[in-house]
Amino acid sequence: MPGGQLNSEFVRSLRIELLLTPDCPHGSAAEETLRSALTVDGREPLVERIYINDLDHAAGLGFHGSPTIRIAGRDVAPPSADLPIGLACRLYPQPDGSPAGVVPAETIRAAAERVEEQRAQLAAARAARPKLRELPWRASRSLLLWLSRRRFLGRLAVATPLTRPLVRRFIAGQTLDETLGVLERLRSRGLRWTVDVLGEAVASPEMARAAADRYVATLGALAERGLEANVSLKLTQMGLGVDVDFCTANVRRIVHRAADIGAFMRIDMEDHTLTETTLRIGRQLHADYHDVGVVIQSYLRRSAADVEQLIAEQIRVRLCKGAYDEPPDVAYTSKVEVDDSFRRLAERLLLEGRYPALATHDDRLIEDATHFAEQNGIDPSRFEFQMLYGVRRELQEALVARGYTVRVYVPYGSEWFPYYMRRLAERPANVLFILRSILPERRS
């Protein structure tokens, strides 16, 4: 079938569900038609089969007969109002007017095109919304970026008794020696860690090499102190903005040091424009050394496809929600959608991923994950939770007490002030997130 206006990346970002009863005679034909209708540039869509076993399950999913196809949560052939919930075979009108038990390819493709058009309209409406509504966001973003360039404020925050504890709450230290002491205290509480050597996106090869040198030194110091060697880094700090090949070679120096001491290295994810490049470099480095992992953000629409490929390649994944302000055509915009995506991806990784890390401070998502693991006989040793240093410390220790592994993301370095201001500027709502994370601990 011709490609039309659909593109393979869009199709792979869709949630496509084939709902059917276990004995449905049309299931295989329906899936074959579905895959054929949405295969673009030789890439097949990701199809999730959902088996309906009873009327309660059918009612909960709005299931009107087998098979039913949903794209982005919507029935591609909406039933008439008088069609009851049921488990019987469902018939669909074909292009020649005759009924059959399979949704026509034209109907499936038209439904996908409607979703693509609606997303484009949403993006256009968002771009054209009244400027007045953007003023609070723009003002807070501008203020935070302005503050990030006033480094004396960082020095003042460290020196002022009132703000010094807040800085130390979220930054392990400005020096490596300070940080090593923090890691030993975390170990005494049963926690593990990954170390982030803070630094901004660099503009020269010299700055990128210096950043890599700091990581090599950090790995060496961890090994010498008998501390677990686990680090996380961003490619823009390693020279991605200078040259892709240079960046890859620069990070490979860190990978070689990690391999020497049996360390683990994770490549952090940045905004969506860098996702494809980051994953490509991650795969190249993983081919050199098996203990290189990547990060997937649940708010990106493409993440379901990325997770499936990473599972197949057995590359370790840290799953997080994502913190950048992304356009709605590439990312879910509501908390409900982001959480639902996180939950689905976490379940896939728990079932088949290689030692996944679930990075969240959300009690509900954590409980959903632990319940799913218990229901499916997944031992706590097969995955871990990850949280930020200084955030939800009581929750971290409670999970450890229950037998789960908790790894703390520990940043250190003199570049902490511009780092945090820029992270907050990327999405000013993160300020409220930090405050909300502290309040439960304060109350307890």
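Read on for a plain summary of the structure. (Residues numbered from 1 in each chain as written. Predicted model: local features only at pLDDT ≥ 70, side-chain atom pairs only at ≥ 80, totals over all residues. Heavy atoms only, no water.)

## Considering helix 12 (residues 303-313)
An α-helical turn contains 3.6 residues, so any two residues separated by three or four positions project in the same direction.
(1) Moving on: Within the span of helix 12, buried status applies to Ser-303, Ala-305, Asp-306, Val-307, Leu-310 and Ile-311.
(2) Moving on: Considering only its buried residues, helix 12 is in contact with helix 1 (8-13), helix 11 (275-288), strand 10 (292-297), strand 11 (317-320) and helix 13 (335-352). (Buried < 20%, exposed > 50% of the residue type's maximum accessible area, 1.4 Å probe, protein only. Helix = DSSP H or I, 4+ residues; strand = E, 2+ residues; numbered from the N terminus. Contact = heavy atoms within 4.5 Å.)

## Looking at the packing of helix 8 (residues 176-188) against helix 9 (residues 205-224)
(1) Moving on: In the contact formed by helix 8 and helix 9, the axes pass within 11 Å of each other and the chain directions differ by 45 degrees. As summarised for this structure, helix 8 and helix 9 are arranged oblique, according to the angle between their axes. Our pair here, helix 8 against helix 9, has a crossing hand that is right-handed. Facing helix 8, whose interface residues are Leu-176, Leu-180 and Leu-183, helix 9 presents Ala-217, Thr-218, Ala-221 and Leu-222.
(2) Moving on: The residue makeup of the contact of helix 8 with helix 9, split by class, is six nonpolar, one polar and no charged. (Axes fitted to C-alpha atoms, helices over the stretch in contact; angles between N-to-C directions. Parallel < 35°, antiparallel > 145°, perpendicular 65-115°, else oblique. Left-handed = near helix turned anticlockwise from the far one by under 90°. Nonpolar A, V, L, I, M, F, W, Y, C, P; charged D, E, K, R; others polar.)

## A word on empty space enclosed by the protein
Rolling a probe over the atoms, with the probe sized like a water molecule, indicates the empty space that remains.
(1) Moving on: Tallied over the entire structure, the rule returns two cavities of 30 Å³ or more.
(2) Moving on: Taken together, Phe-342, Arg-343, Ala-346, Glu-347, Leu-350, Leu-365, Asp-368 and Ala-369 form the lining of the largest cavity.
(3) Moving on: Sorting the residues of the lining of the largest cavity by element identifies helix 13 and helix 14 (363-375) as the ones contributing at least two each.
(4) Moving on: Broken down by element, the lining of the largest cavity gets its largest block of residues, five residues, from helix 13. (1 Å grid on protein atoms, 1.4 Å probe; cavity = no way out; pocket = protein on both sides within 12 Å on 5 of 7 lines; lining within 4 Å. Points joined across faces, edges and corners; volume = space filled by probe spheres on them.)

## Details of the side chain of His-286
(1) Moving on: As for its position among the elements, His-286 is in helix 11.
(2) Moving on: His-286 gets classed as buried once you look at its relative accessible area, which sits at 10%.
(3) Moving on: Setting aside residues up to four positions removed in sequence, His-286 forms contacts with Val-292, Glu-313, Gln-314, Ile-315 and Arg-354.

## Notes on the environment of Arg-302
(1) Moving on: In this fold, Arg-302 is placed in the loop between strand 10 and helix 12.
(2) Moving on: Along the primary structure Arg-302 and Thr-275 are separated by 27 residues, whereas in three dimensions their C-alpha atoms are 9.7 Å apart.
(3) Moving on: The contacts of Arg-302, once residues within four sequence positions are left out, are Glu-9, Ser-13, Thr-275, Glu-276 and Leu-279.
(4) Moving on: A polar side-chain atom of Arg-302 sits 2.6 Å from a polar atom in the side chain of Glu-276.
(5) Moving on: In terms of polar contacts, Arg-302 uses its side chain to reach the side chain of Asp-306, at 2.6 Å. (Polar contact = N/O pair within 3.5 Å; in protein donor to acceptor, adjacent residues only side chain to side chain.)

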